[in-house]
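# Report on the structure
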Amino acid sequence: SQHDLLSHLRSQTQSDPTIFPTPIAVDTSLKTLPRSYLLLALPSGANDLLSLSTARATMSISQNAMIDLKLGTLLHTLHEVQNDWFGALSMASNGIWSWQEAFTLMLEEALDAMEAAGGLGLGLDTSELRRSLSRAIGAFIFDDVEVPSFIWFDGGEDDIYVSVPEGEGEPFIVLALADLSWALWGDPLLERLFVDPKPSAALLEGYRTPLILYPRQNTKRMWYTLYAALVVLLSPTAEEERRKW
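Just so it is clear, the model here is predicted, and its values are computed rather than measured.

What follows concerns helix H7 (residues 215-234). The terminal C-alpha atoms of H7 lie 30 Å apart, and with 20 residues this matches the ideal 28 Å at 1.5 Å per residue to within 8%. Among all positions of H7, only Gln217, Lys220, Arg221, Trp223, Tyr224, Leu226, Tyr227, Ala228, Leu230, Val231, Val232 and Leu233 are buried. Looking at the buried residues of H7, the elements they touch are helix H4 (99-116), helix H5 (126-138) and helix H8 (240-244).

Pro197 follows Asp196 through a cis peptide bond whose omega is -5°. By the secondary structure assignment, Pro197 is in the loop between strand E8 (184-186) and helix H6 (201-207). Phi at Leu30 is positive, roughly 65°, even though this residue is not glycine. Relative to the assigned elements, Leu30 resides in the loop between strand E1 (22-27) and strand E2 (37-41). According to the relative accessible area criterion, Leu30 is partly exposed, its value standing at 47%. Positive phi values are uncommon outside glycine, yet Phe140 reaches one of about 55°. Within the element layout of this structure, Phe140 appears in the loop between H5 and strand E5 (149-151).

You can see Asn64 is positioned in helix H3 (residues 61-79). Ignoring any residue separated from it by four or fewer positions in sequence, one finds Asn64 in contact with Arg56 and Met59.

Rules used throughout
Residues numbered from 1 in each chain as written. Predicted model: local features only at pLDDT ≥ 70, side-chain atom pairs only at ≥ 80, totals over all residues. Heavy atoms only, no water. Helix = DSSP H or I, 4+ residues; strand = E, 2+ residues; numbered from the N terminus. Expected span 1.5 Å × (residues − 1). Buried < 20%, exposed > 50% of the residue type's maximum accessible area, 1.4 Å probe, protein only. Contact = heavy atoms within 4.5 Å.

Below is the structure:
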């Protein structure tokens, strides 16, 4: 599914073809190696890149603003890539045509997993959460999303690689995005980069489209943050900094 997604994204974002690595081969037969694999080629010059989280400390205020502006434009480009159904890549065979149905299914599965894990030490009242979720569904909180957009979801600054120009005024190059394992089709407001870290004015300017127009969308954003937090805490490979978040 990641191979198909990468191929689709590259075909839909040809104006900036260096955003993604190029898929070369995929093998799920387990005959060549004991595990499935996806072989990718990084763009030229990728060996000299730094993750954005590392590069931030070496950049000036104006350089940070410039990269945020480019990042906002990049997110807008990605969100313009659309699909026929909503949900995670694994939900392709289900054909869910409603974002509210797809998201609440994903959230319910995360709540079930949290309960099975003994509550993760969070002390959350899942019965009350589910009652609140029922009220949100009844108020059609999630039903304002009509088009399934590509959402990177858990991608953050550790997954974005940049070339840092030596002088002020020289252009940045964002060469690659890594790890699409949590990608899905849904609401752009679900993007981690709109929450963690708090988006800068430059990123929002580059994005060009207002994220929140109505108070009810702030409520929706709270549900998205809860879901994102559960995904992180349920992941055995989540980094400690993300778990603290």
